[in-house]
Amino acid sequence: MIEHAMTCQELVELITSYLDDALPADARQRFERHLAVCPGCAIYLEQMRMTLRLLGTLSAETIPATTQQELLAAFRGLRHMGESR
Amino acid sequence: MSDSENQQPRTTGASREADDVSGASTSGEAAGPASDLGLLEALRRGDEEAYLSLVSMHYAAMLRLALMYVGSRAVAEEVIQETWVGVLQGLDRFEGRSSLKTWIFRILLNRARTRAQRENRTIPFSALVTTTEPFEPTVEPDVFRSAEDQHPGSWITPPAAWDSLPEERLLSLETRQQIDQALTTLPAAQREVITLRDIDGWSANEVCDYLDISEANQRVLLHRARARVRRALAGYLAAG
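From a predicted model like this one, the values you see are computed outputs, not experimental measurements.

## As for the overall build of chain A
Stage number 1. Secondary structure summary: chain A contains four helices and zero strands in total.
Stage number 2. For chain A, the N- to C-terminal ordering of α and β elements is α-α-α-α.
Stage number 3. Here chain A holds 85 residues, and the buried ones make up 21% of them.

Given below as structure tokens:
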């Protein structure tokens, strides 16, 4: 069977599978072979990686001090109820 | 693929919070990691530090998920508080049939839905009810050469590299606001998946278990969501 080379248009749709290491071995090889010779796809993959990195920074959104205080008060209150049970 | 993937039909994720409380969960194989045990112990013991670190760790994702259901940040904050109260009240009955995190987020989802109903808001179609969608490209087809071309499917207009952009620009508040904006335009199911995977750092298996969707479905939703965010970022960064 003649193996057909992966196109750029196919590669961009497989990036999430690639990053999750969910591609079958042969597809992974074709993916990497294409990537090695295609600057456009390398840039696209790099942009995806940066997108993920930036999304990750959103988790650092800090909890407002008042919310934290209220949640702590709830924790203390419920623990006390538990003890007196 | 997790062992629990192909087990007996499950109830939807949202209703499984109650199952866990009654000890009748069907997700038996999806038991939480050993690290859950330590955390659970700490919470039951009243360890405030462990509790607060858990609360802060998931705050951003919880807020974003709650905001999909309720109309304001203030109400979303209340939903988060109700969630933690529910968690604390249920701690002694939590049996570890799902991971602690999954269980906590199911409580969040239930509280958010209840709140949305009370406010007469439309409950978004979450991944819990979305079936597999037909394939659609995540990159505009017209940036690739057509089938008649000598090199069909290769870039006509390759993307522009971002590595010449200053790091401060990429990490600026404005860039983050662009991402936030892009996230709010996503269909609910995509938004849930990308929030859990990429903001809160869940594994694919954890998301599949929580939303009760297949690995393939999870990946499609995640891929579309990421591609939309990347595209929004590319547009914003190119506009310079």
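## Remarks on helix α3 (residues 48-67) of chain B
Stage number 1. Over its 20 residues, α3(B) runs 27 Å from end to end, which matches the ideal 28 Å to within 8%, given 1.5 Å per residue.
Stage number 2. Buried within α3(B) are the following residues: Tyr51(B), Val55(B), His58(B), Tyr59(B), Ala61(B), Met62(B), Arg64(B), Leu65(B), Ala66(B) and Leu67(B).

## Notes on the nonpolar core
Stage number 1. Counting residues in each nonpolar core, the largest one holds 53 residues, and the members touching the most others are Ala66(B), Val70(B), Leu108(B), Ala112(B), Val193(B) and Val207(B).
Stage number 2. The set of elements that each furnish at least two residues to this core consists of α4 (65-84) of chain A together with α3, α4 (73-90), α5 (100-118), α7 (173-184), α8 (188-199), α9 (204-211) and α10 (215-238) of chain B.
Stage number 3. With nine residues, α5(B) is the single largest residue contributor to this core.
Stage number 4. Counting eleven residues, the second-largest nonpolar core is a separate cluster that includes Met6(A), Leu11(A), Val12(A) and Tyr44(A).

## Observations regarding α4(B)
Stage number 1. The terminal C-alpha atoms of α4(B) lie 25 Å apart, and with 18 residues this matches the ideal 26 Å at 1.5 Å per residue to within 8%.
Stage number 2. Of the positions making up α4(B), those classed as buried are Ala76(B), Glu77(B), Val79(B), Ile80(B), Thr83(B), Trp84(B), Val87(B) and Leu88(B).

## Things to note about the packing of α3(B) against α4(B)
All names here are of chain B.
Stage number 1. α4 packs onto α3 with a crossing angle of 125° between their chain directions and a minimal axis gap of 9 Å. Taken together, the axes of α3 and α4 are oblique relative to one another. Seen along the crossing, α3 lies across α4 with a hand that is right-handed. Between α3 and α4, the residues in contact are Val 55, Met 62, Leu 63, Ala 66 and Leu 67 and Arg 73, Ala 76, Val 79, Ile 80, Thr 83 and Trp 84, respectively.
Stage number 2. By residue class, the composition of the contact of α3 with α4 is nine nonpolar, one polar and one charged.

## Regarding the environment of Ser59(A)
Stage number 1. Note on placement: Ser59(A) falls in the loop between α3 (39-57) and α4.
Stage number 2. For Ser59(A), a count of 18 C-beta atoms within 10 Å puts it in the partly exposed group.
Stage number 3. When near neighbours in sequence (up to four residues on either side) are disregarded, Ser59(A) contacts Ala60(B), Ala61(B), Ile199(B), Asp200(B) and Gly201(B).

## Comments concerning the interface of chain B and chain A
Stage number 1. Chain B puts 45 residues into the contact, and the matching count from chain A is 37 residues.
Stage number 2. For the side of chain B that touches chain A, the secondary structure elements donating two or more residues are α3, α4, α7, α8 and α10 of chain B.
Stage number 3. Along the lines of polarity and charge, the residues of the side of chain B that touches chain A split into 27 nonpolar, ten polar and eight charged.

## Here's the deal with unusual backbone geometry
In terms of backbone geometry, most residues other than glycine have negative phi values and most peptide bonds are trans.
Stage number 1. Even without a glycine there, the phi angle at Asp21(A) is positive, about 55°.
Stage number 2. Secondary-structure assignment places Asp21(A) in the loop between α1 (8-19) and α2 (25-37).
Stage number 3. Of note in the backbone geometry, Asp212(B) takes a positive phi value of approximately 60° without being a glycine.
Stage number 4. A count of 18 C-beta atoms within 10 Å places Asp212(B) in the partly exposed class.

## Quick look at the packing of α3(B) against α8(B)
Residues and elements named next belong to chain B.
Stage number 1. α8 packs onto α3 with a crossing angle of 175° between their chain directions and a minimal axis gap of 10 Å. In terms of orientation, α3 lies roughly antiparallel with respect to α8. Across the interface between the two elements, Ala 60, Ala 61, Arg 64 and Leu 65 from α3 touch Glu 192, Thr 195, Leu 196 and Ile 199 from α8.
Stage number 2. Looking at the contact of α3 with α8, its residues break down into five nonpolar, one polar and two charged.

## Let's talk about the environment of Phe31(A)
Residues and elements named next belong to chain A.
Stage number 1. Within the fold, Phe 31 resides in helix α2.
Stage number 2. Its 20 C-beta neighbours within 10 Å are what place Phe 31 among the buried residues.
Stage number 3. Sequence spacing of Phe 31 and His 4 is 27 residues, and the spatial spacing of their C-alpha atoms is 11 Å.

## So, the confidence of the model for chain B
Parts of the model with low pLDDT should not have their predicted coordinates read in detail.
Residues and elements named next belong to chain B.
Stage number 1. Taken over all residues, the pLDDT of chain B has a mean of 84, while the share at 70 or more is 82%.
Stage number 2. Here helix α1 (residues 16-22) stands out as the least confident element of chain B, with mean pLDDT 43; α10 is the most confident, with 96.
Stage number 3. This model gives residues 1-31 a pLDDT under 50, and the stretch forms 60 contacts once residues within four places in sequence are excluded.

Cut-off values and rules
- Residue numbers run consecutively from 1 along every chain, following the written order of its sequence.
- Naming scheme: in the order in which they are written, chains are lettered from A and ligands are numbered from 1.
- In view of the model being predicted, local features appear only for residues whose pLDDT reaches at least 70, and side-chain atom pairs are presented and counted only at 80 or more, with totals across whole chains, interfaces and linings using the full set of residues.
- Put simply, DSSP H or I for four residues or longer makes a helix, DSSP E for two residues or longer makes a strand, and each gets a number counted from the N terminus.
- Buried, partly exposed and exposed are defined by the number of other C-beta atoms within 10 Å of a residue's own C-beta, namely 20 or more, between the two limits, and 12 or fewer respectively, with C-beta atoms placed from the backbone.
- The span expected for a helix works out to 1.5 Å for each residue beyond the first.
- Remark: nonpolar core denotes a set of buried Ala, Val, Leu, Ile, Met, Phe, Trp, Tyr and Cys residues whose joining runs through C-beta atoms within 7 Å.
- Every angle, taken between N-to-C directions, lies between 0 and 180 degrees, and every axis is a line fitted to C-alpha atoms, over only the stretch in contact when it is a helix.
- Orientation categories follow fixed angle ranges, with anything under 35 degrees roughly parallel, anything over 145 roughly antiparallel, 65 to 115 roughly perpendicular, and all other angles oblique.
- Left-handed describes a crossing whose near helix is turned anticlockwise from the far helix by less than a right angle; the clockwise case is right-handed.
- Whether two residues are in contact is decided by their C-beta atoms, placed from the backbone, lying within 7 Å.
- Basically, the charged four are Asp, Glu, Lys and Arg, the nonpolar ten are Ala, Val, Leu, Ile, Met, Phe, Trp, Tyr, Cys and Pro, and anything else, Gly included, counts as polar.
- Looking at any residue, its pLDDT shows the predictor's confidence there, from 0 to 100.

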